[in-house]
Each structure stands twice: as structure tokens, then as C-alpha cells.
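Report on the structure
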Amino acid sequence: PLSQAARGRAIRVGVFQNQPAETIAAMAKAVDLDWVQLHGDEAPDLCQRLSQHWPVIKAFAADPPFDALAAQIAAYAPFIRVALIDRPKGSPVPVD
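So, here's what we can say about the structure. This structure is a prediction, so every number in the text was calculated from the model and none was measured.

A few points about the layout of surface pockets
By volume, the largest pocket amounts to about 230 Å³. His-39, Gly-40, Ala-59, Phe-60 and Ala-61 are, among the 15 residues lining the largest pocket, the residues nearest its centre. Those elements that provide at least two residues to the lining of the largest pocket are strand 3 (56–61) and helix 4 (67–76). When residues in the lining of the largest pocket are grouped by element, the largest group, 4 residues, is from strand 3. Considered class by class, the residues forming the lining of the largest pocket number 5 nonpolar, 5 polar and 5 charged.

Quick look at a nonpolar patch on the surface
Together, Ile-11, Val-13 and Val-15 line one region of the surface with nonpolar side chains, adding up to about 270 Å² of accessible area. Here Val-13 is to be found in strand 1 (residues 13–16).

Quick notes on the packing of aromatic side chains
Using the criterion set out here, one finds 1 aromatic pair in the structure. When the ring of Phe-60 is compared with that of Tyr-76, the centres are 5.2 Å apart and the planes differ by 80°; the resulting orientation is edge-to-face. Here Tyr-76 lies in helix 4 and Phe-60 lies in strand 3, a separation of 16 residues in the sequence. Residue placement shows Lys-58 over the ring face of Phe-60; its charged tip is 5.5 Å from the ring centre.

Describing the side chain of Gln-37
Following the sequence through the fold, Gln-37 ends up in strand 2 (residues 35–38). Every residue in contact with Gln-37, bar those within four places of it in the chain, is listed here: Val-13, Gly-14, Val-15, Phe-16, Ile-57 and Leu-84.

Observations regarding unusual backbone geometry
Even without a glycine there, the phi angle at Asn-18 is positive, about 55°. When you line up the elements, Asn-18 lands in the loop between strand 1 and helix 2 (21–30). Look at Asp-32: it is not a glycine, yet its phi comes out positive at around 55°. As for its position among the elements, Asp-32 is in the loop between helix 2 and strand 2.

Focus: the pairing of strand 4 (residues 82–86)
Bridge count for strand 3 against strand 4 is 5 bridges, and the pairing is parallel. Counterpart to Ala-61 in the pairing with strand 4 is Asp-86. As for the winding sense of the linkage, the β-α-β connection from strand 3 through helix 4 to strand 4 is right-handed.

Here we look at the pairing of strand 2
Along any regular strand, the residues point their side chains to alternate faces of the sheet. Where burial is concerned, the two faces of strand 2 agree: the one with Trp-35 and Gln-37 and the one with Val-36 and Leu-38 are both buried. Sheet topology note: the strand 1/strand 2 ladder contains 4 bridges and is parallel. Among the inter-strand pairings, Phe-16 is bridged to a residue of strand 2, identified as Leu-38. As for the winding sense of the linkage, the β-α-β connection from strand 1 through helix 2 to strand 2 is right-handed.

Definitions and limits used
- Residues numbered from 1 in each chain as written.
- Predicted model: local features only at pLDDT ≥ 70, side-chain atom pairs only at ≥ 80, totals over all residues.
- Heavy atoms only, no water.
- 1 Å grid on protein atoms, 1.4 Å probe; cavity = no way out; pocket = protein on both sides within 12 Å on 5 of 7 lines; lining within 4 Å.
- Points joined across faces, edges and corners; volume = space filled by probe spheres on them.
- Helix = DSSP H or I, 4+ residues; strand = E, 2+ residues; numbered from the N terminus.
- Nonpolar A, V, L, I, M, F, W, Y, C, P; charged D, E, K, R; others polar.
- Patch = residues over 30% accessible without salt bridge, like charges linked within 9 Å, V, L, I, M, F, W, Y side chains within 5 Å.
- Areas by Shrake-Rupley, 256 points an atom, 1.4 Å probe, with all protein chains shown as cover.
- Salt bridge = Lys/Arg side-chain N within 4 Å of Asp/Glu carboxyl O.
- Phe/Tyr/Trp six-rings, centres within 6.5 Å; stacked < 30°, edge-to-face > 60°.
- Lys NZ or Arg CZ within 6 Å of the ring centre and 35° of its normal.
- Contact = heavy atoms within 4.5 Å.
- Pairing = 2+ DSSP bridges.
- Right-handed = clockwise from strand over helix to strand, strands pointing away.
- Buried < 20%, exposed > 50% of the residue type's maximum accessible area, 1.4 Å probe, protein only.

So, in C-alpha cells, the structure goes:
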């Protein structure tokens, strides 16, 4: 499989959106992922559970005003390795 061919040559990341922890864990184990990326409305406790087994990337939607974004990321910070700041598709406003 592709995942096995990439072992040691690439970091294998699975991208999940609004899936239960059990589904994410089963898929991550099945293809031997290195990291998991969560790109939906996942709660901090889900990140905490997954971070016991994989480094977690959590995507955060950045919509103006951006004031609440730092507080939102702070709630997840103990359980994630990377905060991915994302803009809604087609948004003309850059994140600065």
C-alpha cells in the first residue's frame, strides 16, 4: 500500500472531519498514520484522546473579527501540535 511505501520518506497524515474518535483511531491504525489532522468541529476532549497516540493538527476557521481565534486555539493548545489557520473557501479576506 501507498502508506507503507511512504514510511520513512514522508509524514503520513490522515485528514478527518467530524468523525468519532473510534473511527479516526481505527483508520489511523489501519494505515499506520504518523499524524492526524482534524478539520471540523471536533472538541478539545477528542484532540486530547487522539493526542495520546498521534500528534494532532487542528484546523481553525478564521473569520473576521479574528479576536476570538486566539482564545479558541488556547483551549486546544495542550492537546495539539499544530494549529492550522484556515479561511473559508472563496473568502477574499487574508489572515494577518
